[in-house]
Amino acid sequence: MPYFFHEKDSLLHLQSKAVSYVLKIYPSGLIGNVYWGPRLSEPQDLSSLICLRDLRNPEDPAPVDYENREDILYQEYPSGGVSDFRPPAFRVVNPDGSVISNLRYHSHRAEPGKPALPGLPALWCSRQEEADTLRIRLEDALTGLSLELFYTIFTDTGALVRSARFFNNGPEPCFLTRAFSLSLDLPPGEFDSIHLAGSWARERHIVRQPLKGGALLVESSRGISSHQENPFIALAEPSAGEEKGLVYGFNLVYSGSFSALAARDQFGSTRVLLGLNPECFSWKLEAGEHFQTPEGVMVFSREGLGGLSRTFHRLYRNNLIRGQDRERPILINNWEATYFNFTADKILDIAREAAALGIELFVLDDGWFGRRDKDNSSLGDWVEDPRKLPGGLKDLAVKIRETGLQFGLWFEPEMVSPDSRLYREHPDWCLHVKGRHRTEIRNQLVLDLTRAEVREAIIRMVSAILQEVPISYVKWDMNRPLTETGSPALPPDRQRETGHRYVLGVYDMMERLVSAFPRVLFEGCAGGGGRFDPGILYYMPQIWTSDNSDAVERLKIQYATSLVYPLSSMGAHVSAVPNHQCGRIAPLETRGSVAMSGIFGYELDITALSPEEKETLRRQIGFYKERRRLIQTGDLYRLKSPFIDSRNDGNETGWIIVSPGKDQALAFYARTLAVPNPGLAVLNLAGLDRGFTYRVTGKTSYTASGEVLMQAGIRLPSWWGDFQSCLWALQKI
Ligand code: DGJ
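Residues numbered from 1 in each chain as written. Predicted model: local features only at pLDDT ≥ 70, side-chain atom pairs only at ≥ 80, totals over all residues. Heavy atoms only, no water.

Turning our eyes to something else, we now look at the packing of helix 3 (residues 344-357) against helix 4 (residues 393-402). Closest axis-to-axis distance for the helix 3/helix 4 pair is 10 Å, and the angle between their directions is 20°. With respect to helix 4, the axis of helix 3 lies roughly parallel. The two elements helix 3 and helix 4 meet at a crossing, and its hand is right-handed. Judged by residue contacts, A344, I347, L348 and A351 of helix 3 engage L396, K399 and I400 from helix 4. (Axes fitted to C-alpha atoms, helices over the stretch in contact; angles between N-to-C directions. Helix = DSSP H or I, 4+ residues; strand = E, 2+ residues; numbered from the N terminus. Parallel < 35°, antiparallel > 145°, perpendicular 65-115°, else oblique. Left-handed = near helix turned anticlockwise from the far one by under 90°. Contact = heavy atoms within 4.5 Å.)

See below:
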């Protein structure tokens with residue numbers, strides 16, 4: 001059992017195959033962190049881990065009251081309003097208006113496995129032996145507030161999952177105005193901070209910068225995890241690279257407004273906080289009630305960012321994403337082919353052509369319902385439009401299935417158009433604040449999913465279609481952030497709960513729909529990658545990575561997304577040129593190679609392609625099908641970064657996907673801009689077995705050992721023109 005209690009020193013040791021995490025219960029009852037790093041063996045004396053900054057004055061040997069100098073302790077879940085002046089992990093407004101909570105150790109217990117969190121997405125284990133959970137209970141003797149801190153350590157990956165649960169055992173209500181999922185104080189050290197920032201069509205670019213004095217705040221206040229920031233932050237030693245160096249990574253299992261904070265204090269130690277954004281949150285705790293935070297995941301790597309990513313990928317594939325194992329079909333989506341302007345005949349033409357090329361699923365995107373010819377009407381009226389589908393949705397689905405394809409459908413269940421029957425009947429069913437303007441974004445409002453009757457109505461409409469029509473796939477879109485985040489169904493002192501209650505409402509709907517239709521494959525989407533987070537991945541195994549389908553832009557987006565999320569979670573499609581988001585003309589081969597490093601599909605009018613282009617598609621589809629399992633379950637090693645830094649011009653991108661047994665691999669390389677008169681270039685591979693001999697099949701085919709391929713590299717072909725790329729299939733012989 002990878003949990004040990006050192007009673008004499010009051011140390012709690014969580015141990016996995018490769019990682020240890022050690023907590024100290026101080027005599028005052030405060031909980032501190034004394035170690036997070038490579039595995040420490042047991043039994044042994046760990047008392048030397050307890051070491052505090054020496055505050056004694058050499059002239060005055062009087063003992064220092066360390067216990068009450070909370071600012072020098074490396075705390076686990078610090079309170080504010082006391083002698084720790086760093087940002088607190090939580091804040092409770094007590095019935096007397098004060099904000100002090102003196103939570104002190106009460107008890108702890110460990111259990112095999114991991115408890116579920118009702119109503120919230122959470123990591124899980126399929127066997128109890130996969131993880132152990134430690135609960136530490138703390139109590140405030142004055143107010144009756146108590147807190148349970150949850151720590152789960154996963155035996156294989158060493159990943160830690162944390163959350164906090166507050167109980168109001170006092171006689172009167174109190175208000176929780178800050179409740180992070182995790183807090184950690186790292187001892188003094190130099191770090192680079194890394195986060196994933198961007199915008200619509202430019203999601204999740206890597207931002208790496210030295211963490212000096214002060215605090216780095218990464219956050220979303222949009223009600224969704226957002227295009228602009230991802231609920232992820234990492235601290236890396238400055239020399240850490242892809243395959244070496246120390247990195248700590250933190251990721252929140254949540255899809256709403258969040259904050260990630262890394263603050264360096266006066267002594268050079270760094271406090272990391274991750275959880276609900278306190279600017280968008282407050283929760284009234286009635287006497288006897290409790291509040292559970294979302295989960296935060298902590299991953300430690302000594303093998304650089306690559307090691308960090310592979311741990312996250314393995315953890316999420318094995319212990320987060322439900323339905324991860326199912327083979328994902330190659331799809332064709334009509335959005336960029338037709339937008340709102342289609343007929344059933346046009347859709348069938350595309351589907352027939354797609355079936356002939358080997359595509360497996362047709363997805364009918366936005367515009368099939370109400371009278372939706374533009375983005376200004378009908379959301380909420382989930383009934384097919386007879387003008388576009390005269391035979392009805394079912395008739396179209398049946399005909400598509402007759403071509404040999406599965407049928408998938410787009411919904412945007414969380415929204416309502418002011419121009420809709422739903423809104424005319426229920427104008428109060430959207431998030432709003434009485435008397436205030438209702439901001440429309442993309443001509444739509446957000447349904448008030450804090451209300452059970454609103455969720456019921458939408459679930460009824462969506463379920464009716466899923467029951468009636470043979471549908472194998474649903475794309476769940478969400479195209480605007482939350483504004484005027486209030487609900488007429490909540491009393492004034494609970495209005496600031498609306499944002500979090502909305503997210504809980506979304507989770508409730510997702511849970512009920514994915515459980516009611518277990519054979520349907522769900523893909524998440526939020527105007528592309530506006531809600532690409534572990535919360536959504538708990539319900540839906542794949543997410544449309546970005547509305548930007550340009551292959552060159554996708555190099556950055558997919559490379560950076562892979563820092564945390566597995567390739568099996570990233571929807572990636574080949575689209576038309578000039579590209580609809582940026583006008584770039586990239587070769588079809590490069591568009592295919594980039595999209596194949598994810599959940600592959602097409603999003604263009606294939607009926608308009610030339611015979612040669614169709615032949616290329618047929619080859620791509622055959623190639624992907626043969627390697628689908630490798631791509632969806634292999635280990636990723638990033639080889640060259642598309643991001644510019646002091647040592648890298650960002651013109652080359654490379655990665656390799658290696659099967660768990662290392663007998664198969666797929667290497668990818670892209671050169672963005674042509675280089676005139678180049679020298680001989682090579683790409684050093686990684687992750688292979690040095691002793692294996694591989695057949696390497698790219699533009700030419702040859703054999704070489706894993707050692708040669710990693711140490712000396714593979715030779716890159718010479719190219720003419722911009723946006724060129726190559727794939728190499730490696731097979732052990
Ligand atoms: C945004 C999505 O990201 C697109 O793929 C498409 O489904 C549109 N919405 C439809 O409105």
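Right, let's talk about the packing of aromatic side chains for a bit. Counted according to the given criterion, the structure contains 34 aromatic pairs. Residues F369 and W382 carry aromatic rings whose centres are separated by 4.4 Å and whose planes lie at 45° to one another, so their mutual orientation is tilted. You can see F369 sitting in the loop between strand 22 (361-364) and helix 4 and its partner W382 sitting in the loop between strand 22 and helix 4, a full 13 residues away along the chain. No difference in accessibility class separates F369 from W382, as the two residues are buried. Between F369 and W410 the ring centres are 5.9 Å apart and the planes differ by 10°, which places this aromatic pair in the stacked class. Highlighted residues: F369 in the loop between strand 22 and helix 4 and W410 in strand 23 (residues 406-411), separated in sequence by 41 residues. By the burial criterion, F369 is buried, and W410 matches it. Chaining the aromatic ring pairs together yields one cluster made of Y21, W36, Y151, F191, Y248, F250 and F300. The side chain of R322 reaches across the aromatic face of Y538, ending 4.0 Å from its centre. The lysine or arginine in question, K732, covers the ring of F692, its NZ or CZ lying 4.3 Å from the ring centre. (Phe/Tyr/Trp six-rings, centres within 6.5 Å; stacked < 30°, edge-to-face > 60°. Buried < 20%, exposed > 50% of the residue type's maximum accessible area, 1.4 Å probe, protein only. Lys NZ or Arg CZ within 6 Å of the ring centre and 35° of its normal.)

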